[in-house]
Amino acid sequence: MGKIIIVASGKGGTGKTTVTANIGAALAMRGNLVALVDMDMGCRNLDITLGLESSIVYDIFDVIEENCDLDEALIKDTRYENLYFIPAPQTRDTSSVEDEAVKGIWEKLSSRFDYCLVDPPAGIDGGFLYAASAILVTMPEVTALRDGDRAISVLEDMGIEDVRVVINRVRSDMIDKGIMMNMDDCVDMLGVPVLGIVPDDEELMVAALKGTLAVSAENSRAGQAFLNIAARLMGEEVPIMEFDEK
């Protein structure tokens with residue numbers, strides 16, 4: 001059975017959707033069959049991040065309401081042989097989704113895919129009681145970390161005990177100036193294991209403009225960080241990147 005992983009955040013603006021897309025692509029590049037599911041209903045952005053907005057016919061709510069089957073809703077990303085995507089609707093919200101209906105979709109996905117990464121609303125909402133693990137995306141700022149700490153409590157209350165953190169958009173020059181918190185303080189504040197640290201990288205913005213992903217860009221430090229995160233998810237021991245460049 002494959003793994004269902006919630007990619008969560010305590011607040012908006014942490015780069016959660018970008019992290020979801022790049023980790024998913026990195027896992028696919030390493031030979032895993034991967035499904036990315038956008039559950040941020042009413043505020044979907046994963047389709048734009050992947051550059052697949054023009055390919056949408058059905059969404060996750062169509063599957064829940066049985067307007068289509070799972071295969072009809074799955075969109076294959078032609079750039080990555082093993083990467084698939086299910087969009088969220090633009091006019092519904094998670095309050096109208098019953099946990100049992102979502103559980104059935106998770107069971108189908110986990111029977112077919114090695115990894116299913118779910119992009120929920122910021123702050124987390126319903127429909128995730130059946131996930132086995134979660135990745136919390138935050139930034140080295142006090143407000144983001146405080147909201148992230150609350151999100152960890154929500155995830156643990158849901159029964160998700162395997163929670164790891166990705167600290168995103170890290171800039172060593174701002175840490176040196178005391179504008180951003182250092183990584184040790186971030187870890188102490190959250191109290192969960194670090195899955196990865198992603199540097200603030202111009203290539204992330206360049207990729208977004210091109211409709212591509214940093215994980216496929218040569219010389220992208222953020223892309224390398226995502227590849228490292230994928231390796232750790234697969235059980236490999238990979239050192240955390242150093243951020244000593246100014």
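Parameters and conventions
- Residues numbered from 1 in each chain as written.
- Predicted model: local features only at pLDDT ≥ 70, side-chain atom pairs only at ≥ 80, totals over all residues.
- Heavy atoms only, no water.
- Disulfide = S-S within 2.5 Å.
- Buried < 20%, exposed > 50% of the residue type's maximum accessible area, 1.4 Å probe, protein only.
- Helix = DSSP H or I, 4+ residues; strand = E, 2+ residues; numbered from the N terminus.
- Core = buried A, V, L, I, M, F, W, Y, C linked by side-chain atoms within 4.5 Å.
- Contact = heavy atoms within 4.5 Å.
- Salt bridge = Lys/Arg side-chain N within 4 Å of Asp/Glu carboxyl O.

Chemist: What am I meant to see in the state of the cysteines here?
Modeler: Chemically, a disulfide is nothing more than a covalent bond linking the sulfur atoms of two cysteines. Tallying each qualifying case throughout the model produces 0 disulfides. With no disulfide of its own, Cys68 lies closest to Cys116 among cysteine sulfurs, the gap being 15 Å. Residue Cys68 is classed as buried on the basis of its relative accessible area, which comes to 9%.

Chemist: Can you help me understand unusual backbone geometry in this one?
Modeler: Negative phi is the rule for most residues except glycine; trans is the rule for most peptide bonds. In this structure, Glu66 is a non-glycine residue whose phi angle is positive, near 60 degrees. Its location among the elements puts Glu66 in the loop between α3 (60–64) and α4 (70–73). We classify Glu66 as exposed; its relative accessible area is 71%. One non-glycine residue, Arg169, lies in positive phi territory at about 60 degrees. Within the fold, Arg169 resides in strand β7 (residues 162–170).

Chemist: What am I meant to see in the nonpolar core here?
Modeler: Side chains of nonpolar character tend, in soluble globular proteins, to be buried together. Membership of the largest hydrophobic core comes to 43 residues, with the highest contact counts inside it found for Val37, Met39, Ile60, Ile86, Trp106, Leu109 and Ile160. Discounting residues that sit within four places of it in the chain, Val37 has contacts with Leu46, Ile60, Ile86, Trp106, Leu109, Cys116, Leu117, Val118 and Asp119. Counting residues in hydrophobic clusters, the runner-up holds 36 residues, among them Phe85, Val198, Ala230 and Met241.

Chemist: Could you clarify how one ought to interpret the pattern of salt bridges in this entry?
Modeler: In a structure, side chains of opposite charge can pair up when their charged atoms sit close to one another. Using the criterion set out here, one finds 8 salt bridges in the structure. A salt bridge links Arg150 to Asp147; the nearest nitrogen and oxygen atoms lie 2.1 Å apart. Remark: Asp147 and Arg150 occur in helix α6 (residues 142–157); sequence separation between them is 3 residues, near one turn of the helix. You can call Asp147 buried: its relative accessible area is 16%. Between Asp173 and Arg171 there is a salt bridge; the shortest N-O distance is 2.8 Å. Assessed through its relative accessible area of 22%, Asp173 is described here as partly exposed.

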